[in-house]
Amino acid sequence: QVQLVESGGGLAQAGGSLRLSCAASGRSFSDYALGWFRRAPGKEREFVALVNWSGYSTEYANSVKGRFTISRDNAKNTGYLQMNSLKPEDTAIYYCAAIRDYGLALEQQYYDYWGQGTQVTVSA
């Protein structure tokens, strides 16, 4: 069992930055790839970014590529999502999730554990 808790959400202005954290407890954090997803108002939850167990392999949605950076610190059992050049369309609830199989990590239905989410609101 892995418990995930997101933090760092809040209100930002367009062009600003926020850093989300995902603190993990329970089974070995480094056994899992880590993904970030988001659900905007009135929309389906969508993939944002993912990082493999070591932190050396990453993937990003086209909508955030070049603006967001995913990383992890296995010694601290924590993952991060650095969000720069924020846009109003980035407004959403952001979720972190853990999955054993990196090869399936673009598909949210295969994730093993989910956090409760943290709200990010970007004003124009």
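The shown structure was predicted, so the numbers you read here are calculated from the model rather than taken from an experiment.

What counts, and where the lines are drawn
Residues numbered from 1 in each chain as written. Predicted model: local features only at pLDDT ≥ 70, side-chain atom pairs only at ≥ 80, totals over all residues. Heavy atoms only, no water. Salt bridge = Lys/Arg side-chain N within 4 Å of Asp/Glu carboxyl O. Helix = DSSP H or I, 4+ residues; strand = E, 2+ residues; numbered from the N terminus. Buried < 20%, exposed > 50% of the residue type's maximum accessible area, 1.4 Å probe, protein only. Phe/Tyr/Trp six-rings, centres within 6.5 Å; stacked < 30°, edge-to-face > 60°. Lys NZ or Arg CZ within 6 Å of the ring centre and 35° of its normal. Disulfide = S-S within 2.5 Å. Core = buried A, V, L, I, M, F, W, Y, C linked by side-chain atoms within 4.5 Å. Contact = heavy atoms within 4.5 Å.

1. A closer look at the pattern of salt bridges
Argument step 1. Applying the stated rule across the entire model yields three salt bridges.
Argument step 2. R38 serves as the salt-bridge partner of D90, at 2.9 Å between the closest nitrogen and oxygen. Taken together, the residues span a long stretch of sequence, with D90 in the loop between strand 8 (78-83) and strand 9 (92-99) and R38 in strand 4 (residues 33-39) at a distance of 52 residues. With respect to burial, D90 and R38 carry one shared label: buried.

2. Focus: the packing of aromatic side chains
Argument step 1. Evaluated as defined, the whole model comprises five aromatic pairs.
Argument step 2. Between Y32 and Y113, the aromatic rings sit 5.8 Å apart at their centres with planes inclined by 75°, giving edge-to-face as the arrangement. Of this pair, Y32 sits in the loop between strand 3 (18-26) and strand 4 while Y113 sits in strand 10 (residues 113-114), and the two are 81 residues apart along the sequence. An identical accessibility class is assigned to Y32 and Y113; each is buried.
Argument step 3. Ring geometry for Y111 versus W114: centroids 5.7 Å apart, planes at 50°, classification tilted.
Argument step 4. One Lys or Arg, R19, reaches over the ring of Y80 and ends 4.0 Å from the middle of that ring.
Argument step 5. One cation-aromatic arrangement involves R72 over F29; the distance from NZ or CZ to the ring centre is 4.3 Å.

3. Considering the state of the cysteines
Argument step 1. The tally for this structure, following the rule as stated, stands at one disulfide.
Argument step 2. One disulfide bridge connects C22 with C96, the sulfur atoms lying 2.1 Å from each other. On the sign convention where negative is left-handed, the bridge of C22 and C96, at about 65° about the S-S bond, is right-handed. With C22 in strand 3 and C96 in strand 9, this residue pair connects regions lying 74 residues apart in the sequence. The burial state of C22 is the same as that of C96; both residues are buried.

4. Examining the nonpolar core
Argument step 1. Among the nonpolar cores identified, the biggest contains 38 residues, and L4, W36, V48, F68, L81, M83 and Y94 are the most heavily contacted of them.
Argument step 2. Of all the secondary-structure elements, those providing two or more residues to this core are strand 1 (2-7), strand 3, strand 4, strand 5 (45-51), strand 7 (68-73), strand 8, strand 9 and strand 11 (118-123).
Argument step 3. If one sorts the elements of this core by residue count, strand 9 sits on top with six residues.
Argument step 4. What M83 contacts, discounting residues up to four positions off in sequence, is G16, S17, L18, L20, R67, F68, Y94 and V120.

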